[in-house]
Amino acid sequence: MRSVPAAVRRDHATLVKELRELVTRVNAQLVTLLRALEGGFAVDAAHPYGWWRAELAGHPLARTLVRRLIWEIEVAPGEWLAVLPETDEHLPNAPDDASIRLWHPLRSDPSAVRAWRDLLTERRIRQPLKQAFREIYLLTPAEQQTRVYSNRFAAHLVHYRRMFALFRARGWKSGRLGPWDDGDGDAAERALAAGEWQVRFFHTWYDWADGDDELASTDQVRFVRRVDGAWREAVVECVSDDAEWAWPADAPEPLCDPRLHPGQAQEVVDAWPG
């Protein structure tokens, strides 16, 4: 049934309105929960198993999301067991104070990742967030040489307002750029690992396009780590999607301007000082 029957809307208008408002509130709460769960990837969030079982896996609304995700339970110090808690029978026996966290492919070997992907595909389980199929970015030969920075996302011209909206939606901190003093460039920042790591994405305001549309040019991605209270450049061996800035799979429209070929974008990068 695609819509409420006319007779129901006519005879129970007040009740239909209340139910629609309830559905709107429930959907908003589920979106908030989903963002909180996904945000836990970047800080390696863990919860007591007893609380998780009662407040998330056992909650009538939260369980619709939680039970389609893969979780890891610490069954012994440093030993984690991965489970997919579709039903109560899939919930393992563990003490209430055991730690549980979302499983991440970065912590698993390729064969385990493939096994989870095959299982989800076989059972036709659609995860509420990208988990088993989450991207892992192995370093390229060029990144192995540069060590402390990556040009993987450099040399692109992008629609600036869409990129800035993605920054805000994904928890990145970045100043608004534009054709004014000190508005020509910035490094968007996002904290990782409970604030011990930080990723920085450098970009520059480029020009106007098609009236009031704005373009920006992209540059390096750098990682820093807190050492003795100060930030130090860090060398990373592998990067997950949580440290990237959502390029640009979840954008409603392409970020890159299709009218500009890569050579033009490279000219912009080559012209930057330093």
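Residues numbered from 1 in each chain as written. Predicted model: local features only at pLDDT ≥ 70, side-chain atom pairs only at ≥ 80, totals over all residues. Heavy atoms only, no water.

Draft legend 1. View of the pattern of salt bridges. This model, assessed by the stated rule, comprises 11 salt bridges. Linking Glu135 and Lys130 is a salt bridge whose minimum nitrogen-to-oxygen distance equals 2.9 Å. As a salt-bridge pair, Glu189 and Arg200 come within 3.6 Å of each other at their nearest N and O atoms. With Glu189 in strand β8 (residues 185-192) and Arg200 in strand β9 (residues 197-209), this residue pair connects regions lying 11 residues apart in the sequence. Assessed through its relative accessible area of 29%, Glu189 is described here as partly exposed. Owing to a relative accessible area of 22%, Arg200 belongs among the partly exposed residues under this scheme. Salt bridges sharing partners connect three or more residues here, namely Glu72, Arg101 and Arg107. (Salt bridge = Lys/Arg side-chain N within 4 Å of Asp/Glu carboxyl O. Helix = DSSP H or I, 4+ residues; strand = E, 2+ residues; numbered from the N terminus. Buried < 20%, exposed > 50% of the residue type's maximum accessible area, 1.4 Å probe, protein only.)

Draft legend 2. Spotlight on a nonpolar patch on the surface. On the surface, Leu15, Leu19 and Leu22 cluster together to form a nonpolar patch covering roughly 260 Å² of accessible area. With respect to the element layout, Leu22 can be found in helix α2 (residues 13-43). (Patch = residues over 30% accessible without salt bridge, like charges linked within 9 Å, V, L, I, M, F, W, Y side chains within 5 Å. Areas by Shrake-Rupley, 256 points an atom, 1.4 Å probe, with all protein chains shown as cover.)

Draft legend 3. Representation of the side chain of Ser150. Within the element layout of this structure, Ser150 appears in strand β6 (residues 149-150). Classification of Ser150 as buried rests on a relative accessible area of 12%. Within polar-contact distance, the side chain of Ser150 engages the side chain of Glu143 at 2.4 Å. Those residues in contact with Ser150 that lie beyond four places of it in its chain are Glu143, Gln220 and Val221. (Polar contact = N/O pair within 3.5 Å; in protein donor to acceptor, adjacent residues only side chain to side chain. Contact = heavy atoms within 4.5 Å.)

Draft legend 4. Structural context of helix α5 (residues 110-123). For α5, built from 14 residues, the straight-helix expectation of 20 Å at 1.5 Å per residue is met to within 8% by its first-to-last C-alpha distance of 20 Å. All of the buried residues along α5 are Val113, Trp116 and Leu120. The buried residues of α5 occupy an angular sector of 65 degrees when projected down its axis, which confines them to one face. Looking at α5, the residues exposed on the side facing more than 90 degrees away from the buried face are Pro110, Asp118, Thr121 and Glu122. In this fold, the buried residues of α5 make contact with β3 (79-83). Of the residues trailing α5, Arg124 is marked for its positive phi of about 55 degrees. (Expected span 1.5 Å × (residues − 1). Arc of directions from axis to C-beta.)

Draft legend 5. Looking closely at the nonpolar core. The biggest cluster of nonpolar side chains holds 23 residues, and the ones touching the most others in it are Leu37, Tyr49, Trp52, Val66, Trp71 and Ile73. Of all the secondary-structure elements, those providing two or more residues to this core are α2, α3 (49-57), α4 (63-66), β2 (71-76) and β4 (99-102). The biggest single contributor to this core is α2, with 6 residues. Every residue in contact with Val66, bar those within four places of it in the chain, is listed here: Leu37, Trp52, Leu56, Ala57, Trp71 and Pro85. Residues Leu192, Trp197, Phe201 and Ala234 belong to the second largest nonpolar core, which totals 19 residues. (Core = buried A, V, L, I, M, F, W, Y, C linked by side-chain atoms within 4.5 Å.)

Draft legend 6. Fine view of the confidence of the model for the chain. In the predicted model, the chain carries a mean pLDDT of 81, and 85% of its residues have values of at least 70. Contacts of residues 244-274 to residues separated by more than four positions or lying in other chains number 55 contacts, the stretch itself having pLDDT below 50. (pLDDT = per-residue confidence, 0-100.)

Draft legend 7. Looking closely at the packing of aromatic side chains. Within the structure shown, the criterion is met by 7 aromatic pairs. Pairing Phe167 with Phe201 gives two aromatic rings, centres 6.3 Å apart and planes at 65 degrees, and the pair type is edge-to-face. Highlighted residues: Phe167 in helix α7 (residues 160-169) and Phe201 in strand β9, separated in sequence by 34 residues. Taking relative accessible area as the criterion, Phe167 reaches 0% and is therefore assigned buried. Looking at Phe201, the relative accessible area reads 0%, which means it is buried. A cation over a ring is seen here: Arg101 above Trp80, with NZ or CZ 3.7 Å from the ring centre. Positioned over the ring face of Phe164 is Arg176, at 5.8 Å from the centre of the ring. (Phe/Tyr/Trp six-rings, centres within 6.5 Å; stacked < 30°, edge-to-face > 60°. Lys NZ or Arg CZ within 6 Å of the ring centre and 35° of its normal.)

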